[in-house]
Amino acid sequence: MTGSRITAVLGPTNTGKTHYAIERMLSYRTGVIGLPLRLLAREVYDRIVAVRGPSVVALVTGEERIVPPRAAYWVCTVEAMPEGMGCDFLAVDEIQLCTDPERGHVFTDRLLNARGLHETLFLGAETMRGAIAAMVPGVQFMRRERMSQLTYSGSKKISRMPARSAIVGFSVENVYAIAELLRRTKGGAAVVMGALSPRTRNAQVEMYQNGDVDYLVATDAIGMGLNLDISHVAFSSLTKFDGRRMRHLMPEELAQIAGRAGRHIENGTFGVTGEAPPLDEAVAEAICDHRFQPAKKLQWRNSRLQFGSVKRLIATLEERTDDPWLTRVRESDDLAALKALSADSEVAARATDGPSVRLLWDVCRIPDFRGISKGEHAGLLTHIYNDLHQTGHVSSNWFGLQVRRIDRTDGDIDTLSKRLAYIRTWTYVAQRKGWLHDESRWREETRAVEDRLSDALHGALTQRFVDRRTSILLRRLKQKETLLADVNDKGEVTVEGEFVGRLEGFRFRMDKAGSPDEAKTLRQASVQALVPQFNLLADRFYNAPDPEIDFTEQGGLMWGDAAIGKLTPGDDPFKPGITVFVDDEAGADVAAKVQRRLQHFIDRKIAAGFEPLIALKNDEALTGAAKGFAYRMAEGFGIIPRGEVADEVKALDQDARGALRKHGVRFGQFTIFMPLLLKPAPTRLRLVLWSLSKGLSEFPESPPPGLVTVPAAKDAVVGYYAMAGYRAAGERAIRIDMLERLADMLRDQDSRGGFEANPDMLSITGMTLDQFADLMGGLGYKAEKCERAKVKAAQKPEAPSETPADAPQEMPGTAPDETPADAPQETPVETPVETPADAPQEMPADTPADAPQDTPTASEAEVETFYTFTWGGRAARPARPQQDARPRGKAKPKGKGKPQGGGNKPQTFQAKPKREKQIDPDNPFAAALAGFKKG
């Protein structure tokens, strides 16, 4: 166009070319500017709207169309630039994309044909100078220099990447992997890719620009004019897939991206990271000095299309050129779609005239945003073309169904990204004028769906790749601000309102972190804010009452539900040491205060629980053997099996024993103990102190309180049952105080001739007869099991007011409250114990002689089981047979030497009461004690 000034504004990045073009356009009444990306178009649109208002600014991209009635300034993608508008000003940005294999032919067409009435600007790299001079007559050149220095800094690990850095990847997988790593080590990163919607991209960029994150992970989309506050650009790879093959990036492509570092007068750096090899020195110098090979060929496709037929249209699209600066573009997606649709018989039948062919070409230019197979994309285009050709518009029902299918915001990042790609297709269709009934409604609806998906994708990206908590804390630390921490009554810790973990006593348990690096970063920020809290907590603990503190059976020390220390062995078993659980960051003063309070607690606990034992140990009035025995009692924590100190007991005279008894020492037949120390609280503490003194790795627990007997574990630590206040005997262990009561009952029994268990014995042990037999076996007795005919007890007459003359008299040699072993026994109602075999049955005096007897016949007699116990330490004297029965169960039939009832079946007997015997002066327990001493 004559009279139009054409200027090529060339130079490296950060020279203000785009800003210059906007200023020039606004100096005219009308203007159009074409930009390489819809993201950049949206950015420029927002800048112009901020100056002139939305009523005069239009935005036209493939998927977005905002055209007010009085639009004077049009901001477009290069492909969407309107033709033949006759605007005063026209500009095309990033004109060096004329060499791009995919889109270059569009930029070349604008270079050759697009002009403003008064001024035309082409903005781009210096490499285009020769091509523009050759292809555009009368062009003027303007060289703009970079406003800041750009230097190469070599290779850096991602974990050591400086703040305000952009890391560039060339695949979605690579971008996501880098962003995930930055989240774990640096608190997060914003993500920018060309496939993102403008709304998502702007939200991500805003996070970066306002400092919520210090890192940006992007594809090469940031190389196209996006103005961001970037100090360093790092390449994670030097190769990319260009749609057909993997290839190395050219130096000028690297420079376009690296040039994003350093804005305005701020200098910038670039380098490599990850698996990318260091740049060649020559390439690095070329980028720094902005020296590159000039463009030799521009991509071109014939724009003078003929629509007489599909075949003719394809021919004009494939037309070649003889211009040495131009090379025909390789087959593009729209041409491939045209060939595919023309092979369809229905489409071929419809596209027979000029308007039909032109419509077919417009449909074929719908981009394959979804990235699906060419066949599936062609099928979609076929459906759209047939609707448009047959009815003049795309079916609203079908179109609405496609939109509603993807109007969902659930799913992960990949799912949302796919839906966004799909909605871009329908947004593009809705933007085409006349393709839909009520096209305004569908434009709004598709835009609303895209906005919802964009917001959901932004949220998903942020949730996955940004740890706001770590990011905020790191930013405050970097700015050297004082962090405000708070701990609620549940121990939950928040720093600057962000939950970071919880306090368990004086240890900070951080919330789950993704990696050790992330954990270290989060802890660094959190603990700094928690130091004042540790001091306040230590003061509160030091003044806490003892009931708030307790110890566990494993030696732990608890404050409420929090473990704050543990007991350790000390020089004196009654003065254990303390190890506190306090974080190093809390400081030595806090640890010392906690240690002192715990020491006071355990000292008082031991003094109260073992008061009688400590008084015994510290009694200065005790001398000689009594003093030595008091120390032995202290060493045994108040309980000593008698067999272990038999000699010391013998050495004690009556005065010494009396002095010890005054302190509560009981000299039992099996155990020397202090009954007050058998209570649950001293027992629990005794087991802990004993376990510490033995150096056990796992402390045995005390039996449940209130049980007379407990199962005896075969693998129990030696000495455990004594410290627990029990004695193991057979399959069970019996409490030592109850054992001594049992021993008192056994003292008067005929342990040589044999005796049976009476109800009192079973009652105090709470055992069945079989269990009692096993217990007696564990105590050194032999138990013989026998059977006999069960005799029902006669009905007991009412008790007379006076003792009858024939009432049983006390046996000589027995205590007033004791019953001889062979005396008739009376079974309590609540204790299911068999009647002893030798208990006589009496008939009331007034029973008639012919009264029916309760005793069944021999054939109907019930059989009962009983045990005869004899001391196992000596040979029992054989009992003399009485009539046809032997109490010990070895009946011998008259005239024969073999027992009746062959085999191993138990024999049946009838027995009379044994005659009374005086207490054997040779007490069998003396032998038992001698056996314990020997053992």
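Because the structure is a prediction, the values reported are computed rather than measured.

## Let's talk about the overall build of the protein chain
Within the protein chain, the secondary structure is distributed over 29 helices and 35 strands. Taking all 935 residues of the protein chain together, 48% fall into the buried category. Put simply, of all contacts in the protein chain between residues at least 6 apart along the chain, 68% involve residues at least 24 apart. When the accessible surface of the protein chain is totalled, it reaches about 46400 Å², and 50% of it is carbon and sulfur.

## Some points on helix α8 (residues 281-289)
Spacing of three or four residues puts side chains on the same side of an α-helix, whose turn is 3.6 residues. Listed as buried for α8 are Ala284, Ala286 and Ile287. Projected down its long axis, α8 shows its buried positions confined to an angular sector of 160°, all on one face. In α8, the exposed positions angled more than 90 degrees off the buried face are occupied by Glu281 and Ala282. Packing partners of the buried residues in α8 comprise β9 (150-155), α7 (251-258) and β16 (268-272). Directly after α8, the chain includes His290, whose backbone phi takes a positive value near 60°.

## Some points on the side chain of Arg657
Tracing the backbone through its elements, the reader meets Arg657 in helix α23 (residues 654-662). Asp653 is the oppositely charged side chain nearest to the buried, salt-bridge-free Arg657, at an N-O distance of 7.2 Å. Filtering out sequence-adjacent residues up to four positions away, Arg657 remains in contact with Arg642, Val649, Lys650, Leu652 and Phe667.

## Looking at the confidence of the model for the protein chain
Predicted coordinates in areas of low pLDDT are best not read in detail. Across the protein chain, the average pLDDT comes to 83, with 82% of residues at 70 or higher. Element-level mean pLDDT values for the protein chain span from 42 in strand β35 (residues 908-909) up to 97 in strand β6 (residues 89-92). Under a pLDDT of 50 for its full length, residues 799-855 has, in the predicted model, 56 contacts with residues more than four places off or in other chains. For the stretch residues 874-935, pLDDT sits under 50, and the model shows 88 contacts to residues farther than four places along the chain or on other chains.

## As for the packing of aromatic side chains
Throughout the structure, instances matching the rule amount to 19 aromatic pairs. Both rings, one in Phe399 and one in Trp426, keep their centres 5.6 Å apart while their planes meet at 85°; by these two values the pair is edge-to-face. One end of the pair, Phe399, is in helix α14 (residues 396-405); the other, Trp426, is in helix α15 (residues 413-431), and 27 residues separate them in sequence. Take Phe399: its relative accessible area is 0%, and that puts it in the buried class. When its relative accessible area of 3% is taken as the criterion, Trp426 is described as buried. Each member of the aromatic cluster is reached from another via a ring pair, and the members are Phe755, Phe772, Tyr781, Tyr867, Phe869 and Trp871. Above the face of the Phe141 ring, Arg129 is positioned so that its terminal group lies 4.6 Å from the ring centre. Over the face of the ring belonging to Phe667 we find Arg657, whose NZ or CZ atom lies 5.5 Å from the ring centre.

## Overview of the sheet that holds strand β11 (residues 190-192)
What the six strands build is an open sheet, ordered β9-β16-β13-β10-β12-β11; its pairing is parallel. At either end of the open sheet lies a strand with only one pairing partner, and these are β9 and β11. Taken pair by pair, the neighbouring strands of this sheet meet at an average axis angle of 25°, ignoring direction. As defined by bridge partners, strand β10 (residues 165-168) adjoins strand β13 (residues 232-235) across four bridges and the pair is classed as parallel. Residue Ile167 lies in a different strand from β13, and its bridge partner there is Ala234.

## Points about the sheet that holds strand β23 (residues 549-551)
What the four strands build is an open sheet, ordered β23-β24-β25-β26; its pairing is antiparallel. In the strand order of this sheet, the two ends are held by β23 and β26 (575-580), each with one partner. The mean angle between the axes of side-by-side strands here comes to 30°, regardless of whether they run parallel or antiparallel. Judged from the five bridges that link them, strand β25 (residues 562-572) and β26 form a sheet pairing that is antiparallel. What sits directly across from Asp572, in β26, is Lys575. Each of β23, β24 (556-559), β25 and β26 touches helix α19 (residues 588-609); the most contacted strand, β26, lies at about 150° to it.

## Examining the pattern of salt bridges
Summed over the entire model, instances satisfying the criterion amount to 46 salt bridges. Put simply, Arg350 and Glu346 hold a salt bridge, and the shortest N to O gap is 3.1 Å. Of this pair, Arg350 and Glu346 both sit in helix α11 (residues 345-350), four residues apart, which is roughly one turn of the helix. The exposure class of Arg350 is buried, given its relative accessible area of 17%. Taken together, the shared-partner salt bridges connect Arg42, Asp46, Glu64, Arg199, Arg447, Asp451 and Asp455 into one network.

## As for the nonpolar core
Judged by nonpolar contacts, the single largest core of 71 residues is most densely connected at Phe506, Leu616, Phe629 and Met633. In terms of residues, this core owes the most to one element, helix α18 (residues 516-542), which gives seven residues.

## Quick look at the packing of helix α9 (residues 310-317) against helix α12 (residues 354-364)
Two numbers describe how α9 lies on α12: the axes approach to 10 Å, and their chain directions differ by 50°. In this view, α9 runs oblique relative to α12, as classed from their interaxial angle. As α9 packs across α12, the resulting crossing turns out to be right-handed. Residue-level contacts link Val310, Leu313 and Leu317 of α9 to Val357, Leu360 and Trp361 of α12. Split into classes, the residues belonging to the contact of α9 with α12 amount to six nonpolar, no polar and no charged.

## A closer look at helix α2 (residues 38-52)
Relative to the 21 Å expected for 15 residues at 1.5 Å per residue, α2 spans 20 Å between its end C-alpha atoms, a close match to the ideal helical length. Every buried residue of α2 is accounted for by Arg38, Leu39, Leu40, Ala41, Arg42, Glu43, Val44, Tyr45, Ile48 and Val49. Phi turns positive one or two residues past the end of α2, at Gly53, with a value near 90°.

## Some remarks on the pairing of strand β21 (residues 498-504)
Sheet analysis places strand β20 (residues 492-495) next to β21, joined by four bridges and oriented antiparallel. Looking across to β21, one finds that Val493 is bridged to Gly501. The hairpin formed by β20 and β21 contains two residues between the paired strands, and Glu496 there has a positive phi angle of roughly 55°. Bridging between β21 and strand β22 (residues 507-510) involves four bridges; their strand directions are antiparallel. When the sheet's bridge partners are listed, Arg502 is paired in β22 with Arg509. Hairpin connection between β21 and β22: a loop of two residues separates the two successive antiparallel strands, and Gly505 in this loop has a positive phi of roughly 70°.

## Considering the side chain of Ser4
On the secondary structure map, Ser4 appears in the segment before β1 (5-10). With a relative accessible area of 13%, Ser4 lands in the buried category. One polar contact links Ser4 to Thr120, side chain to side chain, over a distance of 3.5 Å. Excluding residues within four positions of it along the chain, Ser4 makes contact with Gly116, Leu117, His118, Glu119 and Thr120.

## Here's the deal with the packing of helix α6 (residues 198-209) against helix α16 (residues 439-465)
Their axes nearest at 8 Å, the elements α6 and α16 cross at an angle of 35°. Handedness of the crossing formed by α6 with α16: right-handed. Here α6 contributes Pro198, Arg199, Thr200, Ala203, Gln204 and Met207 to the contact with α16, which in turn contributes Glu450, Asp451, Ser454, Asp455, Leu457, His458, Leu461 and Thr462. For the contact of α6 with α16, the residue count by class is five nonpolar, five polar and four charged.

Conventions adopted
Throughout this description, residue numbers start from 1 for each chain and increase along the sequence as written. Only residues with pLDDT of at least 70 are given local features in this predicted model, and only at 80 or more are side-chain atom pairs given and counted; all residues enter the totals for whole chains, interfaces and linings. Where side-chain values are given, they derive from all heavy atoms of the structure, hydrogens and water being excluded. A helix here means a DSSP run of H or I that spans at least four residues, while a strand means a run of E at least two residues long, and both kinds are numbered starting from the N terminus. Three exposure classes are used, based on accessible area relative to the maximum for each residue type with a 1.4 Å probe and protein chains only: buried under 20%, partly exposed in between, and exposed over 50%. Note on contacts: a residue pair is in contact if any heavy atoms of the two residues lie within 4.5 Å. All accessibility values rest on the Shrake-Rupley procedure with a 1.4 Å probe; residue burial counts only the protein chains present in the view. The directions considered for the arc run from the helix axis to the C-beta atoms. Only four residue types enter the tally: Lys and Arg on the positive side, Asp and Glu on the negative side, with His and both chain ends excluded. The salt bridge definition used is simple: a Lys or Arg side-chain nitrogen within 4 Å of an Asp or Glu carboxyl oxygen. pLDDT is a per-residue confidence score from the predictor, ranging from 0 to 100. Pairing of aromatic side chains here covers Phe, Tyr and the six-membered ring of Trp, requires ring centres within 6.5 Å, and sorts the geometry by plane angle: under 30 degrees stacked, over 60 edge-to-face, intermediate tilted. Criterion for a charge above a ring: Arg CZ or Lys NZ at most 6 Å from the ring centre, at most 35 degrees from the ring normal. Only when DSSP finds a minimum of two bridges between them are two strands counted as paired. Only the stretch in contact is used when fitting a helix axis, every axis being a line fitted to C-alpha atoms; angles between N-to-C directions are given from 0 to 180 degrees. Nonpolar core, defined: a set of buried Ala, Val, Leu, Ile, Met, Phe, Trp, Tyr and Cys residues in which side-chain atoms within 4.5 Å join the residues together. Our angle categories are set so that under 35 degrees counts as roughly parallel, over 145 as roughly antiparallel, 65 to 115 as roughly perpendicular, and the remainder as oblique. Crossing handedness: left-handed means the near helix sits turned counterclockwise from the far one by under a right angle, and right-handed means the same turn made clockwise. Lys, Arg, Asp and Glu make up the charged group, whereas Ala, Val, Leu, Ile, Met, Phe, Trp, Tyr, Cys and Pro make up the nonpolar group; the residues left over, Gly among them, are polar. What a helix is expected to span follows from its residue count: subtract one and scale by 1.5 Å. Pairs of N or O atoms are called polar contacts if they sit within 3.5 Å, as long as, within protein, a hydrogen donor faces a hydrogen acceptor (for residues adjacent in sequence, only side-chain-to-side-chain pairs).

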